[in-house]
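Here's the letter readout for the chains.
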Amino acid sequence: MKKFLDLGNQPLANSYLKKNQLNQKEKKFRLEIGFNPKNFLVSILNTVPKEKMFNKNYPYKSSESFTMRSQFQKLAVKLKKKFKPKLSLEIGSNDGAFIKNFKKEEVIGIEPCKNLAKITKKKGYKTYSEYWDIKLAKKISSKKKIDLIYSANTLSHIKNISEIFKAINLALTDNGVLVLEDPSLLECMRNLAYDQFYCEHIYVFSTLSLQKTLKVADLEIFDIENLTTHGGSNRYYIKKKKNINFKISSKVKSNLSKEKKFGLNKFKTYKNFANKVKKSKFNLEKIFNDLIKKNKKIIGYGATAKSCTVLNYCNINHKKIDYFYDTTSFKIGSYLPGSKIPIRSYQKLDTKKIDYVFLGAWNFKDEIFKKEKEFIKNGGKFFTHVPFPHII
Ligand code: DWN
């Protein structure tokens with residue numbers, strides 16, 4: 001791995017602090033990002049043990065956003081129509097936003113975070129509260145293989161990625177399909193969205209890197225959809241290499257050439273990105289300092305895991321942002337890691353109380369702007385660091 005970016009000492013994103021933990025020393029790790037010139041994988045260099053991140057206290061629920069709920073519902077309909085699976089499985093089923101669109105006997109959830117697995121189990125969905133690996137794949141598929149495996153924003157969170165793909169190959173029927181969705185490295189770099197890097201995001205995939213990694217597990221991409229989800233994601237359709245029933249779509253070639261044209265196969269592209277990130281930090285700090293000088297009331301919106309990287313890298317703490325609004329029950333009443341900014345239960349934004357809003361959940365800008373049109377109409381302002389620090 002060749003290091004190209006250092007985002008400093010960071011606490012664990014999603015490790016929200018309770019009031020009685022505010023004076024305790026937080027666990028930190030060095031957030032450095034590297035590029036592997038052999039397989040083009042971009043990953044964080046120092047990983048945190050999975051049990052420290054994905055456990056019974058996991059705060060993120062997929063169902064929190066209307067955008068995500070409706071996307072999962074539409075996708076389930078589409079995949080069922082396209083592949084007619086008899087048995088489907090989701091790796092990282094979270095609170096069931098995707099699997100709830102299937103009949104209970106036709107889908108299995110894998111969710112190591114016990115608080116989340118409990119939700120789907122309670123609703124009657126078969127859910128394994130375990131980490132996905134070869135052992136689990138064998139256990140689940142020993143009697144009946146899986147026709148469709150879906151995984152959104154999860155495989156990029158697992159360290160031993162080649163083993164993960166081998167386990168998927170093992171569990172799939174010969175004509176089975178893996179549908180994998182994760183943030184796109186190309187969009188992350190184009191948008192200077194360096195906050196896609198944090199402890200949980202071990203990898204940010206490109207088509208180039210995924211193609212090489214899948215090869216080791218005898219799998220290959222046969223189609224790709226470019227999505228706007230989470231600030232730009234790719235949905236990859238993947239099959240067994242030996243399966244000739246699916247034609248390789250021209251989207252695979254066009255994505256590969258788009259990425260090569262941008263330089264995702266070259267180290268110097270990543271060095272340029274790192275230089276731009278430094279400038280972005282400087283300019284975001286400047287926006288904060290200018291607003292504070294003018295005595296503006298600043299709050300944050302969406303206490304995302306991504307925010308953790310930006311806030312801590314750009315030295316933004318509770319002295320600069322009064323509080324964050326978030327709708328997630330688990331986060332309300334706690335404090336963002338590192339920056340120690342309190343998280344409050346969401347209330348409609350009001351210009352009588354708030355002047356500027358830092359958009360932590362910039363990936364849900366459209367949904368949030370729709371909700372807050374009164375605030376915007378009355379002169380309230382949002383600001384973000386994506387694709388460059390600016391007041392919107
Ligand atoms: O990959 C991951 C993604 C999918 O989810 C995980 N590693 C962890 C998590 O990352 P995140 O926290 O950056 O995800 P989101 O989906 O950008 O988080 C949105 C946050 O904003 C949630 O805490 C809910 C909140 N929110 C809100 O308070 N009001 C969101 C919307 C749309 C709103 O209107």
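It should be noted that the structure appears before, not after, this text.
Throughout, residues of each chain are indexed from 1 in the direction in which the sequence is written. In view of the model being predicted, local features appear only for residues whose pLDDT reaches at least 70, and side-chain atom pairs are presented and counted only at 80 or more, with totals across whole chains, interfaces and linings using the full set of residues. With hydrogens and water set aside, each side-chain value is computed from the structure's full complement of heavy atoms.

Caption draft 1: Structural context of the sheet that holds strand 15 (residues 381-384). Paired strands, as defined in this entry, are two strands with at least two bridges between them according to DSSP. Numbering of helices and strands starts at the N terminus; helices are DSSP runs of H or I of at least 4 residues and strands are runs of E of at least 2. With mixed pairing, the 6 strands of this open sheet are ordered in space as 13-12-11-14-15-16. The strands lining the two open edges of the sheet, one partner per strand, are strand 13 (343-345) and strand 16 (390-391). Relative to strand 14 (residues 356-359), strand 11 (residues 298-301) runs parallel, the two sharing 4 bridges. In the strand pairing of strand 14, Gly-300 is matched with Phe-358. Any two residues having at least one pair of non-hydrogen atoms within 4.5 Å are treated as being in contact. Comment: axis = line fitted to C-alpha atoms, over the contacting stretch for helices; angle = value between 0 and 180 degrees taken between N-to-C directions. Those strands touched by helix 9 (residues 267-293) are strand 11, strand 14, strand 15 and strand 16, and its axis lies near 150° from that of strand 15.

Caption draft 2: Representation of the nonpolar core in the model. Only buried Ala, Val, Leu, Ile, Met, Phe, Trp, Tyr and Cys residues count toward a nonpolar core, and they belong to the same one when joined by side-chain atoms within 4.5 Å. Throughout this description, buried means an accessible area under 20% of the type-specific maximum (1.4 Å probe, protein chains only), exposed means over 50%, and partly exposed covers the range between. Trp-132, Phe-165 and Ile-168 are the most contacted members of the largest nonpolar core, which totals 93 residues. With 8 residues, helix 9 is the largest single contributor of residues to this core. Beyond its immediate chain neighbours, meaning those up to four positions away, Phe-165 contacts Leu-155, Leu-178, Leu-180, Leu-210, Thr-213, Leu-214, Ala-217 and Leu-219. In terms of nonpolar packing, the next biggest core, distinct from the first, is built from 36 residues, Ile-99, Val-107, Ala-152 and Trp-362 among them.

Caption draft 3: Examining the pairing of strand 4 (residues 88-91) more closely. Burial along strand 4 is two-sided: the face carrying Ser-88 and Glu-90 and the face carrying Leu-89 and Ile-91 are both buried. Of the strand pairs in this sheet, strand 4 and strand 5 (residues 107-110) are connected by 4 bridges, and their pairing is parallel. Bridge pairing in strand 5 places Ile-91 opposite Ile-110. The sheet contact formed by strand 4 and strand 7 (residues 146-152) spans 3 bridges and is parallel. Note that in strand 7 the partner of Ser-88 across the bridge is Leu-148.

Caption draft 4: Highlighting the side chain of His-157. Along the chain, His-157 falls in the loop between strand 7 and helix 5 (161-171). Excluding residues that lie within four positions of it along the chain, His-157 makes contacts with Phe-54, Glu-200, His-201 and Ile-202.

Caption draft 5: Quick look at the site of the ligand. Being near a molecule or strand, for a residue, means having at least one of its heavy atoms within 4 Å of it. Taken together, 24 residues lie around the ligand, and Glu-200, Lys-306, Asp-326, Lys-331 and Lys-371 are the ones closest in. N or O atoms closer than or at 3.5 Å make up a polar contact, with two conditions inside protein: a donor-capable atom paired with an acceptor-capable one, and, for residues adjacent in sequence, both atoms drawn from side chains. Within the contact set of the ligand, an oxygen atom lies 3.0 Å away from a side-chain nitrogen or oxygen of His-201. In the environment of the ligand, an oxygen atom lies 2.8 Å from a nitrogen or oxygen atom belonging to the backbone of Ala-305. Residue-level accessible areas treat just the shown protein chains as cover; the underlying method is Shrake-Rupley with a 1.4 Å probe. Within the complex, the protein chains bury 97% of what would otherwise be the 700 Å² of accessible surface of the ligand. The greatest single-element share of the shell around the ligand, amounting to 3 residues, is contributed by helix 11 (residues 365-371). Of the residues contributing to the shell around the ligand, the split by class is 8 nonpolar, 10 polar and 6 charged. Three categories are distinguished: nonpolar for Ala, Val, Leu, Ile, Met, Phe, Trp, Tyr, Cys and Pro, charged for Asp, Glu, Lys and Arg, and polar for the others, with Gly belonging to the last.

Caption draft 6: Quick look at helix 2 (residues 66-83). With 18 residues, helix 2 should cover 26 Å at 1.5 Å per step; its first-to-last C-alpha distance of 26 Å lies within 8% of that length. On its buried face, helix 2 sits against strand 7, strand 8 (172-183), strand 9 (219-227) and strand 10 (233-240). The backbone nitrogen of Thr-67 lies 3.1 Å from a side-chain oxygen of the residue at the head of helix 2, namely Ser-65. Backbone geometry just downstream of helix 2 places Lys-84 in the positive-phi region, at approximately 45°. In this analysis, the expected span of each helix is defined as 1.5 Å times one less than the number of residues it contains.

Caption draft 7: Representation of unusual backbone geometry. Look at the link from Val-386 to Pro-387: it is a cis peptide, with omega at -5°. Here Pro-387 is to be found in the loop between strand 15 and strand 16. With a phi angle near 65°, Phe-40 is a residue other than glycine that sits in the positive phi range. In this structure, Phe-40 sits in the loop between strand 2 (28-35) and strand 3 (42-44).

Caption draft 8: Looking closely at the packing of helix 7 (residues 207-216) against helix 8 (residues 250-262). Following both chains from N to C, one finds helix 7 and helix 8 inclined at 120°, their axes separated by 8 Å at the closest point. Considered as vectors, helix 7 and helix 8 are oriented oblique to each other. Taken together, the residues of helix 8 that come into contact with helix 7 (itself represented by Thr-207, Leu-208 and Gln-211) are Asn-255, Leu-256, Glu-259 and Lys-260. Classifying every residue of the contact of helix 7 with helix 8 by side-chain character gives 2 nonpolar, 3 polar and 2 charged. Angles below 35 degrees are treated as roughly parallel, those above 145 as roughly antiparallel, those between 65 and 115 as roughly perpendicular, and all remaining angles as oblique.

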